[in-house]
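Geometric and topological summary
In case you want the letters, here they are:
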Amino acid sequence: MTKEPMKFAEMLKDSPKNWGRWGADDELGCLNFLTNEEVLRGVKAVRQGKTFTLGIPLARPQGDPLYPSRSQPIRTMVSDKGMYMSGRTQALPGGCEYADDVIVMYLQGTTQYDALGHVWYGDKIYNGYDAKTTIGGLQKCSIEPIANKGVIGRGVLLDIARAKGKKHLDANEPIHLADIEAAAKKQNSPIEKHDILLIHTGWLKRYYDEGLAGFFPGGQMQEPGLAYSKELVQWIYEMEIPSIGSDTIATEQTWHHESGTMIPLHMALLYHLGVVFNEISWTHDLAEDCAKDGQYTFLFVGLPLKVVNGAGSPVNPAAIK
Ligand code: UVW
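Reading guide: rules and limits
Residues numbered from 1 in each chain as written. Predicted model: local features only at pLDDT ≥ 70, side-chain atom pairs only at ≥ 80, totals over all residues. Heavy atoms only, no water. Pairing = 2+ DSSP bridges. Helix = DSSP H or I, 4+ residues; strand = E, 2+ residues; numbered from the N terminus. Axes fitted to C-alpha atoms, helices over the stretch in contact; angles between N-to-C directions. Contact = heavy atoms within 4.5 Å. Buried < 20%, exposed > 50% of the residue type's maximum accessible area, 1.4 Å probe, protein only. Arc of directions from axis to C-beta. Near = heavy atom within 4 Å. Polar contact = N/O pair within 3.5 Å; in protein donor to acceptor, adjacent residues only side chain to side chain. Areas by Shrake-Rupley, 256 points an atom, 1.4 Å probe, with all protein chains shown as cover. Domains from an automatic or database assignment. Phe/Tyr/Trp six-rings, centres within 6.5 Å; stacked < 30°, edge-to-face > 60°. 1 Å grid on protein atoms, 1.4 Å probe; cavity = no way out; pocket = protein on both sides within 12 Å on 5 of 7 lines; lining within 4 Å. Points joined across faces, edges and corners; volume = space filled by probe spheres on them. Nonpolar A, V, L, I, M, F, W, Y, C, P; charged D, E, K, R; others polar. Parallel < 35°, antiparallel > 145°, perpendicular 65-115°, else oblique. Left-handed = near helix turned anticlockwise from the far one by under 90°.

**A few points about the sheet that holds strand E12 (residues 276–279)**
Sheet architecture is open: nine strands sit in the order E1-E15-E13-E5-E7-E9-E12-E4-E14, paired in mixed fashion. Two strands bound the open sheet, and with one partner strand each, they are strand E1 (51–53) and strand E14 (312–314). The mean inter-strand angle of the sheet, taken between neighbouring strand axes irrespective of direction, is 25 degrees. Relative to strand E15 (residues 318–320), E1 is paired through three bridges, and the arrangement is antiparallel. Pairing of Thr53 across the sheet is with Ala318, part of E15. Contacts from helix H2 (residues 36–44) reach strand E5 (151–159) and strand E13 (297–302), with the element oriented near 50 degrees to E5.

Following this line, the structure appears as structure tokens:
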């Protein structure tokens, strides 16, 4: 990891910023682009009624794909048949018995949304709020405003793996603007202003097919994904893209080798522009279907939980074609 935490200040000094664009009290960022008209544009993309849920299985006994510093979700039964059999719990009047369980997990520990206050450099978070507002819980730019609004609009799947003729992208493989444009052209699905982008790399399927050896080659996080460039950032800014998701943990190429930084797009897009990141989405089945019927656009519905002061939230997004 870089030893220069402020490298981003220099690297991104001319990068576009949306701070103040929607007022000094904004906590929604580019979700402000998702007006009622944009929801209707998403609804118009529904032509077949096919629904794909994009959440991954949560809290499997053998573990889930996670950012390496995060621990696995723990789900524990607090009421089950055993409680009644052992006489520690009595059935309700009438005979009703029930199962209850508790889960302890990172809010980013499964398919999830990042809050706009999730990442920053220096002393400010998105829209110029003091980074000290994150202490003890996000007083500003938590996941709650995003959850209150919902991420709903026209989605487009960009099957970068298929466009490159691969089952999955390689470790550290960058996705450039030219790759996005080539995939959109190949799929015959031009990207429109305010589209919610969903990037398919095939990387997440490696976790389930090959285990940790394939997913963390050499024990390292080396995900492929969107690669930082001024050109890509400018395009996302001009296209007014509200949200980007993918089937990787970071939604971007983990390492930007040219600058020696990690996750610079979290800074240039989420932190500077307020683009909302959705991560660890199961895009495989959707991608297979899109390749069969040629329909790569859909109504996208992403509804995180209203976690008060939360830095993120689990979600089970839906793509409805
Ligand atoms: C970090 O990269 C720190 O988190 P995430 O990928 O969940 O946004």
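**Comments concerning helix H6 (residues 177–187)**
Restricting attention to buried positions, one finds in H6 the residues Leu177, Asp179, Ile180, Ala183, Ala184 and Gln187. One face of H6 carries all of its buried residues, which in axial projection span an arc of 165 degrees. Relative to its buried face, H6 has exposed residues pointing more than 90 degrees away, namely Ala178, Lys185 and Lys186. Two residues or fewer past H6, Asn188 is found with a positive phi of approximately 60 degrees.

**Thoughts on the site of the ligand**
Neighbouring the ligand are the residues Tyr67, Arg70, Gln108, Gln112, Asp114, His118, Ile249, Ala250, Ile263, His266 and Glu279. Here Arg70 contributes a side-chain N or O atom positioned 2.9 Å from an oxygen atom of the ligand. Here the ligand loses 90% of its free accessible area of 260 Å² to cover by the protein chains.

**Notes on the domain arrangement of the protein chain**
Each assigned domain of the protein chain is listed with its residue range as follows: domain 1 (13–69 + 107–320) and domain 2 (74–103). For domain 1 and domain 2, the distance between their C-alpha centres works out to 39 Å.

**A closer look at the side chain of Glu240**
Among the secondary structure elements, Glu240 is positioned in the loop between helix H9 (230–239) and strand E9 (243–246). For Glu240, a relative accessible area of 15% gives the class buried. With sequence-adjacent residues up to four places away left out, Glu240 is seen in contact with Arg21, Phe33, Lys193 and His194.

**Observations regarding the packing of aromatic side chains**
The geometry of an aromatic ring pair comes down to the distance between the two centres and the angle between the two planes. Inspection of the entire model under this criterion finds nine aromatic pairs. The interplanar angle of 40 degrees and the centroid separation of 5.9 Å between the aromatic rings of Phe8 and Tyr121 together place this pair among those described as tilted. Note that Phe8 is positioned in helix H1 (residues 7–11) and Tyr121 in the loop between strand E4 (112–114) and helix H4 (143–149), a separation of 113 residues in sequence. Taking the relative accessible area as the measure of exposure, Phe8 reaches 8% and is therefore buried. In this structure Tyr121 comes out as buried when scored by relative accessible area, which is 11%.

**Structural notes on the layout of surface pockets**
Taken as a whole, the second largest pocket spans an internal volume of roughly 180 Å³. Lys166, Lys167, His200, His284 and Glu288 are the residues nearest the centre of the second largest pocket, which is lined by 15 residues in total. Put simply, the parts of the chain that give the lining of the second largest pocket at least two residues each are helix H5 (160–163), helix H7 (203–210) and helix H11 (284–293). In terms of residue count, the dominant contributor to the lining of the second largest pocket is H7 (four residues). Taken together, the residues of the lining of the second largest pocket sort by class into two nonpolar, four polar and nine charged.

**Observations concerning the pairing of E13**
Side-chain direction in a regular strand flips from residue to residue, so the side chains alternate between the two faces of the sheet. Counting buried positions along E13 gives six out of six residues, so the element sits mostly inside the fold. Across six bridges, the pairing between E5 and E13 is antiparallel. Within E13, the residue paired with Gly155 across the bridge is Phe298.

**Digging into the packing of H9 against helix H10 (residues 264–273)**
At their nearest, the axes of H9 and H10 sit 11 Å apart, and the two run at 25 degrees to each other. With respect to H10, the element H9 is oriented roughly parallel. Pair H9 / H10 crosses with right-handed handedness. For the pair H9 and H10, contact is made by Leu232, Val233, Ile236 and Tyr237 and by Leu265, Ala268, Leu269 and Leu273, respectively. Looking at the contact of H9 with H10 residue by residue, the classes come out as eight nonpolar, no polar and no charged.

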